[in-house]
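# Tertiary structure, described
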Amino acid sequence: MKITVCVGSSCHVKGSKAVVDTFKRLIEEKNLQDKIELGGTFCLGKCQDGVCLEIEGKVYSVTGETAEKFFEEEVMGAL
Ligand code: FES
């Protein structure tokens, strides 16, 4: 699975680094390095919904606070 987090300026301001850091930590904790590829992208065109991220062509909206819950539900649920 490939997770691409928007690091465009709007999402950056809204905390994309916190989202990426949370995902990185969870991937390590759960030993998912060979299952999940974490990447960055520039603006996904939905700045008002930031922090935006894309999985399998679908765009989701998360924040630093909801990143862990999102990972547990959406990412773990889809693996
Ligand atoms: S900066 Fe992330 S969607 Fe525009």
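Every value quoted in this text rests on a predicted model; they were computed, and no experiment measured them. (Residues numbered from 1 in each chain as written. Predicted model: local features only at pLDDT ≥ 70, side-chain atom pairs only at ≥ 80, totals over all residues. Heavy atoms only, no water.)

### Description of the packing of aromatic side chains
Applying the stated rule across the entire model yields 3 aromatic pairs. Between Phe 23 and Phe 70 the ring centres are 6.3 Å apart and the planes differ by 25°, which places this aromatic pair in the stacked class. Of this pair, Phe 23 sits in helix H2 (residues 16-29) while Phe 70 sits in helix H3 (residues 67-78), and the two are 47 residues apart along the sequence. Here Phe 23 and Phe 70 have matching classes, each one buried. (Phe/Tyr/Trp six-rings, centres within 6.5 Å; stacked < 30°, edge-to-face > 60°. Helix = DSSP H or I, 4+ residues; strand = E, 2+ residues; numbered from the N terminus. Buried < 20%, exposed > 50% of the residue type's maximum accessible area, 1.4 Å probe, protein only.)

### Observations concerning the nonpolar core
Counting 21 residues, the largest nonpolar core has Ile 3, Val 5, Phe 23, Leu 53, Phe 70 and Phe 71 as the members making the most contacts within it. Those elements that place two or more of their residues in this core are strand E1 (2-6), H2, strand E3 (52-55) and H3. Looking at this core, the element that brings in the most residues is H2, giving 5 residues. Those residues in contact with Leu 53, other than ones at most four positions away along the chain, are Ile 3, Thr 4, Val 5, Cys 6, Phe 23, Leu 44, Lys 58, Val 59, Tyr 60, Val 62 and Phe 70. (Core = buried A, V, L, I, M, F, W, Y, C linked by side-chain atoms within 4.5 Å. Contact = heavy atoms within 4.5 Å.)

### Considering the side chain of Ser 16
Inspection of the secondary structure puts Ser 16 in helix H2. In this structure Ser 16 touches Val 5, Cys 6, Val 7, Cys 11 and Val 51, once residues within four positions along its chain are discounted.

### A short note on the pairing of E3
Relative to E3, E1 runs antiparallel, the two sharing 3 bridges. Bridging across to E3, Thr 4 finds its partner in Glu 54. Here E3 runs beside strand E4 (residues 58-61); their pairing, made up of 4 bridges, is antiparallel. Along E4, the bridge assignment pairs Cys 52 with Ser 61. Between E3 and E4, which pair antiparallel one after the other, the connecting turn spans 2 residues, and Glu 56 there sits at a positive phi close to 50°. (Pairing = 2+ DSSP bridges.)

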